[in-house]
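Here is how the chains run, residue by residue.
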Amino acid sequence: MSVYGPVVKIHPVVLASICDSYERRNEGASRVIGTLLGTIDKHSIEVTNCFSVPHNESEDEVAVDMEFAKNMYELHKRVSPTEVIIGWYATGFDITEHSVLIHEYYSREASNPIHLTMDTALQSGKMNIRAYVSAQMGVPGKTVGVMFTPLTVKYIYYDTERIGVDLLQRTRVTPSRSKGLTSDLSQVAGSAARVQDMLATVLAYIEDVLSGKVTADNSVGRFLMDLVNKVPTISAEDFENMLNSNINDLLMVTYLSNLTQAQIALNEKLVLL
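The structure reproduced in this document is the subject of the present report. (Residues numbered from 1 in each chain as written. Predicted model: local features only at pLDDT ≥ 70, side-chain atom pairs only at ≥ 80, totals over all residues. Heavy atoms only, no water.)

### Quick look at the overall build of the protein chain
Line of reasoning, step 1. Counting secondary structure elements, the protein chain contains seven helices and 10 strands.
Line of reasoning, step 2. For the protein chain, the proportion of its 273 residues judged to be buried stands at 25%.
Line of reasoning, step 3. Restricting to contacts in the protein chain with at least 6 residues of sequence separation, those with at least 24 account for 60%.
Line of reasoning, step 4. Of the roughly 19,400 Å² of accessible surface on the protein chain, 57% is carried by carbon and sulfur atoms.
Line of reasoning, step 5. Charged side chains in the protein chain number 23 positive and 32 negative. The centres of these two groups are separated by 3 Å. (Helix = DSSP H or I, 4+ residues; strand = E, 2+ residues; numbered from the N terminus. Buried < 20%, exposed > 50% of the residue type's maximum accessible area, 1.4 Å probe, protein only. Contact = heavy atoms within 4.5 Å. Areas by Shrake-Rupley, 256 points an atom, 1.4 Å probe, with all protein chains shown as cover. Lys, Arg positive; Asp, Glu negative; His and termini not counted. Charge placed at Lys NZ, Arg CZ, Asp CG, Glu CD.)

### Focus on helix 5 (residues 184-211)
The periodicity of an α-helix, 3.6 residues per turn, causes residues three or four places apart in sequence to face the same way.
Line of reasoning, step 1. For helix 5, built from 28 residues, the straight-helix expectation of 40 Å at 1.5 Å per residue is met to within 8% by its first-to-last C-alpha distance of 41 Å.
Line of reasoning, step 2. Positive phi appears at G212, one or two residues downstream of helix 5, with a value of about 85°. (Expected span 1.5 Å × (residues − 1).)

### Observations concerning the pattern of salt bridges
Line of reasoning, step 1. Using the criterion set out here, one finds two salt bridges in the structure.
Line of reasoning, step 2. The residue E74 makes a salt bridge to K77 at a minimum N-O spacing of 3.5 Å. Separated by three residues within a single helix, E74 and K77 lie in helix 2 (residues 66-79), roughly one turn from each other.
Line of reasoning, step 3. Relative accessible area serves as the criterion here: at 41%, E74 is assigned to the partly exposed category.
Line of reasoning, step 4. Owing to a relative accessible area of 33%, K77 belongs among the partly exposed residues under this scheme. (Salt bridge = Lys/Arg side-chain N within 4 Å of Asp/Glu carboxyl O.)

### Overview of unusual backbone geometry
Line of reasoning, step 1. In this structure, N112 takes a positive phi of about 55° despite not being glycine.
Line of reasoning, step 2. Within the fold, N112 resides in the loop between helix 3 (97-109) and strand 7 (114-118).

### Side note on the pairing of strand 6 (residues 84-91)
Line of reasoning, step 1. Burial within strand 6 is extensive, with seven of its eight residues counted as buried.
Line of reasoning, step 2. Here strand 6 runs beside strand 7; their pairing, made up of five bridges, is parallel. The partner of G87 across the bridge, within strand 7, is I114.
Line of reasoning, step 3. Once you follow strand 6 into helix 3 and on to strand 7, the crossover reads as right-handed. (Pairing = 2+ DSSP bridges. Right-handed = clockwise from strand over helix to strand, strands pointing away.)

### A few points about the packing of aromatic side chains
Line of reasoning, step 1. On inspection of all chains with the given rule, the structure shows two aromatic pairs.
Line of reasoning, step 2. Arranged with centres 6.1 Å apart and planes meeting at 10°, the rings of W88 and Y106 form a pair that is stacked. Here Y106 lies in helix 3 and W88 lies in strand 6, a separation of 18 residues in the sequence. This pair shows no difference in class: W88 is buried, exactly as Y106 is.
Line of reasoning, step 3. Taking 5.0 Å as the distance between ring centres and 75° as the angle between the ring planes, the aromatic pair formed by Y105 and Y106 counts as edge-to-face.
Line of reasoning, step 4. Residue Y106 is classed as buried on the basis of its relative accessible area of 1%.
Line of reasoning, step 5. One aromatic cluster is present, formed by W88, Y105 and Y106 through successive ring pairs. (Phe/Tyr/Trp six-rings, centres within 6.5 Å; stacked < 30°, edge-to-face > 60°.)

Structure, rendered in structure tokens:
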């Protein structure tokens, strides 16, 4: 837990990219490092992307391919111009002496960069993810050192990332640790089942409050009131007609796409004759 400083919000794609870099590391390499990209505001730092940077590390020295890091950042700016360098990451559990040297380089590329550590080797039994910001300490005019202060880390995701996260979560209960992609209809059915379960939980809470089994919580009541007000006022018949119309449009698009694929495949075969 941080004592001061912004909140670091990390997207799942960043964690997956770091794990992939660690799995693809060079033989004999103990850890991998890379650049963190994202956005900064007054109260938080959002990490949305990253890329690994080649480096060589020994007990006495560390060498980082700075030219590679600059070229990769220039390519990223062409795709996502809003993402800027916000710091760097390293796999491992501890901050080493070489981390201070690498942090000095990123201090020239970003104002007050963060340092993210990810325990991909599970040294503590789980994948600890920590974020730090550096501050100078020492006596003015004398030896000055660097102190890394921890920051609060939170995990956020876009709606599109939620699909991948849910799929990864389902692999935990399968013996083979693998899970195939589900169809669109299965995803709709799963979402509907989750909504039904959440509604059942809300109804059970309301019944317990009305019966006096549970003390009413004003904050929960306000959330429920906001939820009810967001539901559009529409009759069951109109809702069914709207749903059937959207389903018919979806089926028509699916049919046309399948017909187009069949025509393309038939054209390819005719050309080869």
